[in-house]
Amino acid sequence: MAAPSSPTAAGPARHVVAVVGVGAAGALTAMQLCETAVRRSTPLELVLIDPAPEAGRGVAYATPDPRHRLNVPAGGMSCYPDDPTHFVRWLRAHGEPAASACDFVSRHRYGAYLADSLGQTVIRAHGTVAVRRLRTKATGCTWAAGGSATLRLADGRTQRADSVVIATGPAPGPGGWAPGTLRASARFVADPWAPGALDALTADTADTADTGDTDGAPGVLLVGTGLTAVDVALTLERPGRLVHAVSRGGELPRPHALTPLPPLLADAALPGLPLAELRAAVRRHVAAAVRAHGDWRPAVDGLRPLTQAMWARLSDADRADFLARDASRWNVHRHRMPPATAEAVRRALAARRLRLHTGQVHGVAERPDGSLDVTLSGGGTLHVGWVVDCTGPGLRVEECADPLWRGLLADGTATPGPLGIGVATDAGRLRPAAGPAAATRDRSPATTARPAGDPPAAPPPLFTLGSARRGELWETTAVPEIRAQAAEVAAAVLAPLREPVRGRRRPADVVGLPLSTHAAAAAAYRIGLERLLKVRAGAETAFARAVELDPGFALGHAALALVGHECGAEVDVPRALADAQRAARERADDRERAFVEVVTRRLAGAADSAADTALTRHLAAYPGDALALSVAVPTIAFSGVTDLDGAMARRLVERTAPAYEGHWFHTSLLAFMRQDDGRFGEAAELARRALAVEPAAGHAVHALAHVHYETGAHERGRDWLDGWIGDQGRGATHRAHFSWHVALHELALDDPDAVRRRWFAQLAPGRVRGVRALVDSGSLLWRARMSGCWTGEQPVEGVLAAVAREVVERPATPFTAMHSAVALTAAGDLPALRRLRTHAAGADPVQREVVAPLCEALEAVLEERWPDAVARLEAVRPVLRKVGGSAAQREVVEETLLFALVSGGRCDAARRLLETRLDRRDSPADHRRLAALPGLG
């Protein structure tokens, strides 16, 4: 009886892909298939075949024992090769807000992550991908000539499939080391990961003495001393029980470092060296790491990118030599224990509850009570109650007991890999055997002989990944390798289903540039772009709608990533960026691909020179790209390019003018750049010209607000901007920032009551949240305190509570980081300010150069070390422009410097600073502060 297919809409039948095995490898493949099919709008039927109760866990991540931890830090365990922080973000969203990339999470927790990620992917793919799960095993697979596969299932049914992916994971070893007496014993556990395999051992108290003396009671023998043995030992070890572990090398895996060092990359010329030369080169590489860092681990980690290539280019003789002489030592250094696991093992060894032996099992004799005397090759004998096979998965495919693999090998659909390890593939597609065995692959009645001279038939679309490719790749069983293979397999499975691109007129954005999407998604994108150009609310909602309508729309994902990263919108930024990159590889024109690269560089380096260079080159090639120009100019929406004098942004605005022909958006940016140059009359004229065309043009309003402030027109500026906020400004996405500008006028007018009223009416938490709470609400409170306009307690804690702690202490951009530092200083939170400094010191170049020293200066302010505070604030002022934003925003540092000068008794320096500022613009508040300074002394 065939397993039923899900109903589909009228039209051609969906391509059916069967994934056999839904542990980690199968789940990752299923996720890639779903997401790629959705991006391409490729209808698909996905059948997941696995008897396990929950998809995603497999054997490795089904263990409920919390002591069983991943042996790779969380930062290396994302489901996606192009979204490395995905797992860490999942942990933080699921009850572990302090999770970091360095954490070694329990394997059971990771299994929950895989299961949840697969489930969410299936939900998002609904409508494009129909997913079914068959809770059974596949026991055989046959292919019709040039057609589909028929999978035989353990429950008697069959399942048709157009493509098949075998992801059954590593099979248990054959246990050939065990004498027949042992294999026949009820006290032998052949597979410790089989359901219930260790239940009798964990419940058995016969080997536990009340006194805790382990020498007289029969213990447990683990055969193998690798990571499997470590986990089993942790499960079984307890006071009064003796656990023995034996292997030929007698070595345990080495521990990970408590504070890991970055990898020391190895010479790219290592692949291709014969094994003898490779051994010597690796020894030199390790010695260099020890000399430089006092630790061998960076050297081993630095070999990982080259390991597969080194293995692939060894001869079979060298591979066999490596397996015989080097593999064990490589494994104990390469596959390491988490620090917590290593500490538990150390305690067990010190208490002699865990004992290591070097050798092999030579013989076994069973006693009348069922316990066993195990003789080792060295001549010693151990009296144990149980023996557990912890030698790990088998290497050679002919030893595999899985009927599916045995059948594929028997009929020539699969062929063994190098040295008989795993199977042979062409980039994951099974390579069939040549010759007579291959003729038996098609057992259907319709088979006809291939006419002489015809080219051989293409191998069936049968794929595998993970442990089955170990003979070809060696390092292929860890998630970082499997997730990359899953993406490659999904692309290969779906490649024949791609529809050819037909010539059609593409929709355009608001300035006429073509978009690689359909009309509905383009319309949503245009709405988002218009709102962004006007500085109106809802841009992220429109961009999200665009990618919902077309998940393969690269520019929509890139725009979402940008507004999340720089504007504080509630967007999963790394996911949006990864989606943009995936979509750009599959469907985008040169401009769109170049823009995705600009966004990628900007988000990776926040605001470094390479990102700026990529942006300027993009605008040189595509001057009419309004979104790119928005990013380049440091206005209210984005922090802009980061040159010290602003010349780069000015040049970009000037050079792109012909592409816009006086469009109000470009005129607004030009107005902002003119005020930044101190050309306030021109700026005001340009801003008014733009507002006459588009009264809601937020950039023009912003430029005019700066003109009023910098020219000292505080009363006129306050009244005009207050009126605009109540009218056109009601829909502004940065309404709080315009309110902040009005409050600056009120500060300058020395009107503390007005400042307080405005703060509570328009800037208090509840009205403002996210990054704007830091940038506007928090900075205003600190400026008001520094200028003496707000005395007594301030509601700073509410501001910080309105912002995610991740944003406050680990901000993504230098601009946000500067305002986080100010808000934390206003709150007097010295520990958090120091944590922010630590983050900035390891972040992008601008945070390292500007924000980390600024944090040190503000720490000195909180500790009232006034000479130190003044020196550090003066040192940071010349480079402060690199954080982006406007001079008025960065002036918060100048206000802090004034306060530190006066507090430290440097009144002459404070006077000079105030007089210089009053020469630039009038301010009643500054006149009052100047008059309050004591006379020259």
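Because the structure is predicted, anything quoted here is derived from the model rather than measured.

Reading the values: the criteria
Residues numbered from 1 in each chain as written. Predicted model: local features only at pLDDT ≥ 70, side-chain atom pairs only at ≥ 80, totals over all residues. Heavy atoms only, no water. Pairing = 2+ DSSP bridges. Helix = DSSP H or I, 4+ residues; strand = E, 2+ residues; numbered from the N terminus. Axes fitted to C-alpha atoms, helices over the stretch in contact; angles between N-to-C directions. Parallel < 35°, antiparallel > 145°, perpendicular 65-115°, else oblique. Left-handed = near helix turned anticlockwise from the far one by under 90°. Contact = heavy atoms within 4.5 Å. Nonpolar A, V, L, I, M, F, W, Y, C, P; charged D, E, K, R; others polar. Salt bridge = Lys/Arg side-chain N within 4 Å of Asp/Glu carboxyl O. Buried < 20%, exposed > 50% of the residue type's maximum accessible area, 1.4 Å probe, protein only.

A. Just the pairing of strand S12 (residues 361-366), in detail. Where S12 and strand S13 (residues 372-376) come together, 5 bridges link them in antiparallel fashion. Counterpart to Val364 in the pairing with S13 is Val374. In this structure, the hairpin formed by S12 and S13 is closed by a connection of 5 residues, where Gly370 is found at a positive phi of approximately 95°.

B. Expanded view of the sheet that holds strand S5 (residues 149-153). Ordered by their spatial adjacency, 3 strands build an open sheet running S4-S5-S6, and the pairing between neighbours is antiparallel. On the outer flanks of this sheet lie strand S4 (138-143) and strand S6 (158-161), each paired with one strand and no other. Going from strand to strand, the sheet's axes swing by 20° on average, the running direction of each strand aside. As paired elements, S5 and S6 share 4 bridges and run antiparallel to each other. Looking at the pairing, Ala149 lines up with Ala161 of S6.

C. Expanded view of the packing of helix H25 (residues 698-710) against helix H27 (residues 735-748). Where H25 meets H27, the axes come as close as 10 Å, and the angle between the chain directions of the two elements is 10°. Looking at the two axes, H25 sits roughly parallel to H27. Note on packing geometry: the crossing formed by H25 with H27 is left-handed. Residues Gly698, Val701, His702, Ala705, His706, His708 and Tyr709 of H25 lie in contact with H27, whose contacting residues are His737, Phe738, His741, Leu744 and His745. Its residues placed into classes, the contact of H25 with H27 shows 5 nonpolar, 7 polar and no charged.

D. Just the pattern of salt bridges, in detail. With the rule as written, the count across this model stands at 76 salt bridges. For Arg469, the salt bridge identified is with Glu472, shortest N-O distance 3.4 Å. Glu472 gets classed as buried once you look at its relative accessible area, which sits at 13%. One salt bridge connects Arg674 with Glu654, and the closest N-O pair in it is separated by 2.7 Å. With a gap of 20 residues between them, Arg674 in helix H23 (residues 664-676) and Glu654 in helix H22 (residues 647-660) connect regions that are remote in the sequence. Judged by relative accessible area, which is 39%, Glu654 ranks as partly exposed. Each of the salt bridges in this network shares a partner with another, and the network as a whole consists of Arg834, Arg837, Glu856, Glu859, Glu863, Arg865, Asp868 and Arg872.

E. Looking closely at the side chain of Gln581. Mapped onto the fold, Gln581 is located in helix H18 (residues 573-586). Using a relative accessible area of 19% as the deciding quantity, one classes Gln581 as buried.

F. Examining the environment of Ile421 more closely. Relative to the assigned elements, Ile421 resides in the loop between helix H12 (403-410) and strand S15 (425-426). Expressed as a C-alpha distance, the spacing of Ile421 and Arg601, which sit 180 residues apart in the sequence, is 41 Å.

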